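Observations on the model geometry
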2 protein chains.
Amino acid sequence: MFEIIFQIENGEPISVSANQGDNLLEVARSSNVAIDAPCSGNASCGKCRVKLLEGDLDSLQTAHISQEDYDAGWRLSCCSKVTGNATVLVPDIAFAYQQRMKTADLSTGEEVAIFEELQAEIKNTGISFCNEFTTVDVQLSEPTLDDTMPDNERLEQELLKMTGADRCKISLPAMQNLAAALRNSSFHVRVMGEQKEDSFLVYAISPAADQTPLCAIAIDIGTTTVSAVLTDLETGRLLSKASAGNGQIRYGADVINRIVEQTKPGGRKRLQKAILDETLFPLIQLLCKTAKVAPDHVMRVVLSSNTTMNHLLLGVDAGPVRMEPYIPSFFHYNDLYAAHLSLPVHPWARVFLAPNVGSYVGGDITAGAFASLIWNKEEFSLFIDLGTNGEIVFGNNEFLMCCACSAGPAFEGGDISCGMRATDGAIEAVTIDKETMEPVLTVIGKQKPVGLCGSGIIDVIAELYRTSILGANGKFTREGRRIAWDRHGMGRYILAFASESETGREIAITEVDIDSFIRAKGAIFSAVDTMLAALEFETDMIDHVYVAGGIGSGINIKNAVRIGMFPDVELEKFSYIGNSSLSGAYAMALSDEARQKAAEVADSMTYMELSTHPGYMDRFVAACFLPHTDAGRFPSSFQE
Amino acid sequence: MFEIIFQIENGEPISVSANQGDNLLEVARSSNVAIDAPCSGNASCGKCRVKLLEGDLDSLQTAHISQEDYDAGWRLSCCSKVTGNATVLVPDIAFAYQQRMKTADLSTGEEVAIFEELQAEIKNTGISFCNEFTTVDVQLSEPTLDDTMPDNERLEQELLKMTGADRCKISLPAMQNLAAALRNSSFHVRVMGEQKEDSFLVYAISPAADQTPLCAIAIDIGTTTVSAVLTDLETGRLLSKASAGNGQIRYGADVINRIVEQTKPGGRKRLQKAILDETLFPLIQLLCKTAKVAPDHVMRVVLSSNTTMNHLLLGVDAGPVRMEPYIPSFFHYNDLYAAHLSLPVHPWARVFLAPNVGSYVGGDITAGAFASLIWNKEEFSLFIDLGTNGEIVFGNNEFLMCCACSAGPAFEGGDISCGMRATDGAIEAVTIDKETMEPVLTVIGKQKPVGLCGSGIIDVIAELYRTSILGANGKFTREGRRIAWDRHGMGRYILAFASESETGREIAITEVDIDSFIRAKGAIFSAVDTMLAALEFETDMIDHVYVAGGIGSGINIKNAVRIGMFPDVELEKFSYIGNSSLSGAYAMALSDEARQKAAEVADSMTYMELSTHPGYMDRFVAACFLPHTDAGRFPSSFQE
């Protein structure tokens, strides 16, 4: 038995016992030492670096650790075995998240405009933005020694008269505030409640002069990032917004790794805690603080997420999701209240989960497809959600078919050595001069570059390919001052030399990055391709393409088509609709009818299982080229 | 600014800043240092002893600290002011509680027999012991690639067929266990649920072979002690029992002191935490552990407590309870679920509060009066609950009147220097030889004595009075080896010399103790007296007297009458019914009809406010003698 001391950057050291040969990442996880490991220990992401300070480890030197770093003590914890006592430095994962996961949803005016336009379009379909929350101004008679009715009965009697309800129920937070609210305002109070069937439900009570809003929260829980908004239930006004990395990321970058982790002892609790306590609770508190709203005034929550995420969030076993015959515990689950999850909002707040369609098409796609309004059009629309999972919906007001593919986190800047979210410092657009091979960068926040976001990666690959710096197989074919090679022979294109970047470190895209990205775009395209083929639709029969996801409004659709990511249809058919999962959740929070309609959309979608579909693998392999092995399918790829 | 270090016995030291002249008890409370102070700092109980280890304090030397103890550094913290840096030793309050508050409810076979007899009598009235909890044995078809319905829909479809319900709702704990329960038992499961109106509510699910019971918990929350039982909802069997001191005691011994404390900043949260987190949570966990029942199998909770206790428990402002016109926030409150209080039971468990009747007659009296069945008899019954508050109900099946008086904790062994609960080591009965003045003690557990419990105190006072050792005014009138006097001239009767006791410390009853007890019994008798007078009833019109409370089955009714505690009616009219609040709560947990009936009992009781009633004070003063200033009212007092 040896002692491993994890020296946590900005934290307390943690001492753990370990046996000869134990995997260091496993040792860390078993003691809740947070090491960033999105690939869940497959040696593929290179993020689980720790620095050996004392003692020894038996570590593989992978391509992720340079010789210089290795000499300085850096090791991948997933590739290290315990051989004796050791002390290792663990980088601050919170900081790593912040850098890597900082999200861009609604962070720019352009994104907000897209969001609001979508809400307006949903309203234009005639869906009523109504809910049953209301405020009632109540004046009660004051009690005396001859009129000693308790406060709650006094209030209930008056409310029944005023609302016509048969029954009045008073929530605990309202009860806790009842005596003070009455006595601080001469028994003239404002009651915030919900008219529900024959009952009037009292959520909150305050002195009559109070004007704070009744609120709802909508949250999109992505595998990688979480975005949330707080809205006024009566006016529909957006009051605050916030985003964060999904705290589960240290247990694996994709849903499969997380499901594997949740089946380990204590895993389900760990994963639930990571998304609830560590991610959602602070996010909700931040939303309330920013909007200056008391938690008790948040009376409804809508959560939109994929099937695995909503299972893990509830602490429900997601294991069967990945075992044949792939049966989740639920598609619809409507019996949940905030108190059951200890969410820091009103305990009576209903928690609505956007309903799932299948094991790999979840509530986020229901919400997104709902928000895209493709279910309301005669024309044939293709809806593509670019996330860690890519999901595709195709159809119109008569049918909807959907499928999912695993794209990995590349579109959000993950799995890419200099990748980052579309936020300040991100290179969001690139052009490259064919002669000089020199790049022109557009950086968010007009500053020196920090890294590359999804739209920037699309651009740089498209430009490298257009300028023949990159071959169709994703390998560099030219030499120059911007091209460099490491000792393993892996090439990279330098977008910014160390001196040109914000961080003082070189920003480059490597052949490994390009390979990752090509596989991601290949997964998306082949999914579209397979589904259209199954439906016997040709590319030119697509009337609209809605592109959703956190890739950012900076996406250059022309370049995305050029590299074979989207089908080659006229550019004007494309619309980027932002985080449609969040948009759908927002509408569902405000409108009972929207929620009803979204449930119908979920029920009307036919789920197609790609992994077992004949021909999918061939189509995927064919799509893992620039733009495709059948280049004739991408005529625009060869126009300047 | 000075530094006060509280050296906690068996704990970590706590360092606090304090100003010249600050009261030491207040300094401790402001920093959550737990000092036992049932009188809430009135210098009357003598329990807030701390030992000065270093530095100085400006302390009054009260009768509660002997010269020897004072010289050793012992001080009352409520009588000490800060004059500089100081370090004090704080005795372990948990241990002090254990000693002082260890409860006797249902701890003897006799008590359990009384409890079970009462349940049988309640059933004999024809009240149906039915509830809507049930178990359903369900066999589902297993899913296949062609039948991919999610687990919850599969279960719901079958349950709707089997139960005839229109809707099925599945709780989160059931959902969390659903996949495993189905897959561990070939989709043959046991569903535990409740048929409620048109819905079937699924609380828990387990493999078909599981036989663990569906349970309910009933808790009597007294001002001083808390007693709880866990029962099988289907069979009504008592599965486990547990008791503890009410953790709020350090904020004051009676409801008035607690209400004062709750109005201080943060006070309401502190008091709620003391009863919930510190008292009920561990008690519930202990009940479940003892009965080997998972928390999720506890599907109903009934809480029985006085009005102040149930307000503080919910975190509801109890301030108005003690301010004219004395209006509580609620009598009935029926909208509470376990999740709202984070109770460690099933989050869907309804939490029923026995309804209150007035500001000072609470749910405990409703439950107790219900259990006594006085509402079901033609004869006139007197119900007396001996607790920290004494409550009286009088009436029959046509009317019920009730009132409350503050008796203090004397009946439960509090406020008495050698007082303790009726548990092992407690002197529960005493006789004294008139000639020799030597006592014969009956000690619970047949061991050396530790202290005096309520029934023992009644005996010793009655015997001291009968043997003319004590005068009618509660002062000692004879001398002898058992009588001693301190330097303030306060007399005491020594029940056990140091060498005779278990603890090696003398066990005595002092004139101060006797005075406390006489005021307690005077409060009870004068309340009965005032109420009967108001109703124009004579003592001999009383057909039954039901004595309830934690005083223990050892109570010698004859002696209690002899000292003027109860009206002088024939002994055979008295019944000791134990903790009737707990008995009532138990029936209410098992039977929906009992709960309904108890609510009717509450609504039918007329509350009489004693404190403003003309003549009450005179009657109280008259009752503060042995047996009474009008001794003719207690003829049995003078029979041998």
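A short tour of the structure in this document, coming up. Just so it is clear, the model here is predicted, and its values are computed rather than measured. (Residues numbered from 1 in each chain as written. Chains lettered and ligands numbered in written order. Predicted model: local features only at pLDDT ≥ 70, side-chain atom pairs only at ≥ 80, totals over all residues. Heavy atoms only, no water.)

With that settled, the discussion passes to helix 15 (residues 580-590) of chain B. Of all the 11 residues making up helix 15 of chain B, 11 are buried; the element is thus mostly covered by neighbouring parts of the structure. Every buried residue of helix 15 of chain B is listed here: B:Ser580, B:Ser581, B:Leu582, B:Ser583, B:Gly584, B:Ala585, B:Tyr586, B:Ala587, B:Met588, B:Ala589 and B:Leu590. (Buried < 20%, exposed > 50% of the residue type's maximum accessible area, 1.4 Å probe, protein only. Helix = DSSP H or I, 4+ residues; strand = E, 2+ residues; numbered from the N terminus.)

A few words now on the relation of the copies chain A and chain B. Superposing chain A onto chain B requires a rotation of 180° together with a translation of 0.1 Å along the rotation axis, leaving an RMSD of 0.1 Å. Read as a symmetry element, the transformation amounts to a two-fold axis. Relative to the rotation axis, the closest C-alpha in chain A is found at A:Ala339, a distance of 2.8 Å. Interface residue correspondence from chain A to chain B reaches 100%, placing this contact among same-surface, isologous pairings. (Least-squares fit on C-alpha atoms with pLDDT ≥ 70 in both. Contact = heavy atoms within 4.5 Å.)

This part is about the environment of B:Val82. Inspection of the secondary structure assignment puts B:Val82 in strand 5 (residues 80-90). In this view, B:Val82 contacts B:Phe2, B:Ile4, B:Ala18, B:Asn19, B:Gln20, B:Gly21, B:Asp22, B:Val27 and B:Leu57; residues no more than four positions away in its chain are not counted.

Here we come to the packing of helix 4 (residues 109-124) of chain A against helix 15 (residues 580-590) of chain A. Residues and elements named next belong to chain A. Packing of helix 4 against helix 15 brings their axes to within 10 Å, and their N-to-C directions diverge by 50°. Classified by the interaxial angle, the pair formed by helix 4 and helix 15 is oblique. Regarding helix 4 and helix 15, the two cross each other, and that crossing is right-handed. Where helix 4 approaches helix 15, its residues Phe115, Leu118, Gln119 and Ile122 are matched on the opposing element by Leu582, Ser583, Tyr586 and Ala587. Its residues assigned to classes, the contact of helix 4 with helix 15 comprises six nonpolar, two polar and no charged. (Axes fitted to C-alpha atoms, helices over the stretch in contact; angles between N-to-C directions. Parallel < 35°, antiparallel > 145°, perpendicular 65-115°, else oblique. Left-handed = near helix turned anticlockwise from the far one by under 90°. Nonpolar A, V, L, I, M, F, W, Y, C, P; charged D, E, K, R; others polar.)

All names here are of chain A. Judged by pairing direction, the sheet is mixed, and its five strands sit side by side in the order 2-1-5-3-4 without closing on themselves. Either end of the sheet is taken by a strand with one partner, and the two such strands are strand 2 (14-18) and strand 4 (74-76). When strand polarity is set aside, the average angle formed by the axes of neighbouring strands in this sheet is 40°. The pairing of strand 3 (residues 49-59) with strand 4 spans three bridges and is classified as antiparallel. Counted as the bridge partner of Val50 is Arg75 from strand 4. (Pairing = 2+ DSSP bridges.)

So, on to the pattern of salt bridges. All names here are of chain A. The tally for this structure, following the rule as stated, stands at 48 salt bridges over all chains. Its salt-bridge partner being Glu278, residue Arg250 comes within 3.1 Å of it at the nearest N-O pair. Taken as a pair, Arg250 in the loop between strand 12 (238-245) and helix 7 (255-262) and Glu278 in helix 8 (residues 267-291) lie far apart in primary sequence, 28 residues in all. Its relative accessible area of 10% is what places Arg250 among the buried residues. Its relative accessible area of 35% is what places Glu278 among the partly exposed residues. (Salt bridge = Lys/Arg side-chain N within 4 Å of Asp/Glu carboxyl O.)

Here the focus is a negative patch on the surface. All names here are of chain A. Among the surface-exposed residues, Glu132, Asp166, Glu197 and Asp198 lie close enough to one another that they form a single negatively charged patch. If you trace the backbone, Glu132 turns up in the loop between helix 4 and strand 6 (133-139). With relative accessibility at 41%, the residue Glu132 sits in the partly exposed group. (Patch = residues over 30% accessible without salt bridge, like charges linked within 9 Å, V, L, I, M, F, W, Y side chains within 5 Å. Areas by Shrake-Rupley, 256 points an atom, 1.4 Å probe, with all protein chains shown as cover. Lys, Arg positive; Asp, Glu negative; His and termini not counted. Charge placed at Lys NZ, Arg CZ, Asp CG, Glu CD.)

What follows is about the pairing of strand 1 (residues 2-8) of chain B. All names here are of chain B. When strand 1 meets strand 2 (residues 14-18), the two strands line up antiparallel, connected through five bridges. The partner of Glu3 across the bridge, within strand 2, is Ser17. From the end of strand 1 to the start of strand 2, which pair antiparallel, there are five residues, and Asn10 there has a positive phi angle of about 60°. Relative to strand 5, strand 1 runs parallel, the two being bridged by five bridges. Paired with Phe6 across the strands is Val88, a residue of strand 5.

Let us now look at helix 12 (residues 454-466) of chain B. All names here are of chain B. Its 13 residues give helix 12 an end-to-end C-alpha distance of 18 Å, which sits within 8% of 18 Å, the value for a rise of 1.5 Å per residue. For helix 12, the tally of buried residues reaches 13 of 13 residues, placing the bulk of the element in the interior. At the C-terminal side of helix 12, Ser468 shows a positive phi close to 60°. (Expected span 1.5 Å × (residues − 1).)

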